[in-house]
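# Observations on chain architecture
The chain contents come next:
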Amino acid sequence: MVLPLTGGTIYATQFPCPRCVQSIIQVGIRRVVYLEQKPHQVAAIAAANKMLRDAGIEVKALSELEAESPTWSARLEQFIHDSRQPGEPPAPPGDV
Ligand SMILES: [Zn+2]
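Predicted model, so just to flag it, every value in this text is computed and none were measured.

### Remarks on the environment of valine 59
Summarising the element assignment, valine 59 is placed in strand E3 (residues 58-61). Separated by 44 residues in the primary sequence, valine 59 and phenylalanine 15 have C-alpha atoms spaced 9.4 Å apart. Leaving out residues up to four positions away in the same chain, valine 59 has contacts with Val32, Asn49 and Leu52.

Printed below as a string of structure tokens:
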């Protein structure tokens, strides 16, 4: 089964290279969220960024969107820990 990607968001560990950006544009993805930019790929990133801009695709670093997430994870973990009843066995692995 092929799911349409039109209007979707892609999450990438790296800023996408121009070849990937071509595919991103072709399949109709409208938003790119990336984790980091490699400093040695400045030229490729600049080219890719221009392609994305020209196509009207929104580009965000994850840190711009989720600056709070590391704090949130720690607070959630603490909350789960604190809400456990005394004597209750620890949650099985993978249980949140
Ligand atoms: Zn690529």
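### Structural notes on the nonpolar core
In this structure, Phe15, Val21, Ile24, Ile29, Val32, Ala48, Leu52 and Ile57 together form the largest nonpolar core, which totals 8 residues. When contributions to this core are tallied by element, the ones reaching two or more residues are helix H1 (18-27) and helix H2 (42-54). Ignoring sequence-local partners within four residues, the contact set of isoleucine 24 consists of Ile10, Pro16, Ile29, Val32 and Ile57.

### What to know about H2
Given a rise of 1.5 Å per residue, 13 residues ought to cover 18 Å, and the 18 Å separating the end C-alpha atoms of H2 matches this to within 8%. Note on H2: the residue one or two positions beyond its end, glycine 56, has a positive phi of about 75 degrees.

### With respect to the sheet that holds strand E2 (residues 31-36)
The strands making up a sheet are joined through hydrogen bonds of the backbone, oriented either antiparallel or parallel. Strand order in the open sheet formed by 3 strands is E1-E2-E3, with parallel pairing between adjacent strands. The strands lining the two open edges of the sheet, one partner per strand, are strand E1 (9-14) and E3. The average undirected angle you get between the axes of adjacent strands in this sheet is 20 degrees. Bridge count between E2 and E3: 4 bridges; the pairing is parallel. When the sheet's bridge partners are listed, tyrosine 34 is paired in E3 with alanine 61.

### Some remarks on the packing of H1 against H2
In the contact formed by H1 and H2, the axes pass within 9 Å of each other and the chain directions differ by 15 degrees. Between H1 and H2, the crossing angle belongs to the class labelled roughly parallel. Here H1 runs over H2; the crossing is right-handed. In contact with Pro18, Val21 and Ile25 of H1, H2 contributes Ala44, Ala47, Ala48, Met51 and Leu52. Taken together, the residues of the contact of H1 with H2 break down into 8 nonpolar, no polar and no charged.

Rules of the game
Residues numbered from 1 in each chain as written. Predicted model: local features only at pLDDT ≥ 70, side-chain atom pairs only at ≥ 80, totals over all residues. Helix = DSSP H or I, 4+ residues; strand = E, 2+ residues; numbered from the N terminus. Contact = placed C-beta atoms within 7 Å. Core = buried A, V, L, I, M, F, W, Y, C linked by C-beta atoms within 7 Å. Buried ≥ 20, exposed ≤ 12 C-beta atoms within 10 Å, placed from the backbone. Expected span 1.5 Å × (residues − 1). Pairing = 2+ DSSP bridges. Axes fitted to C-alpha atoms, helices over the stretch in contact; angles between N-to-C directions. Parallel < 35°, antiparallel > 145°, perpendicular 65-115°, else oblique. Left-handed = near helix turned anticlockwise from the far one by under 90°. Nonpolar A, V, L, I, M, F, W, Y, C, P; charged D, E, K, R; others polar.

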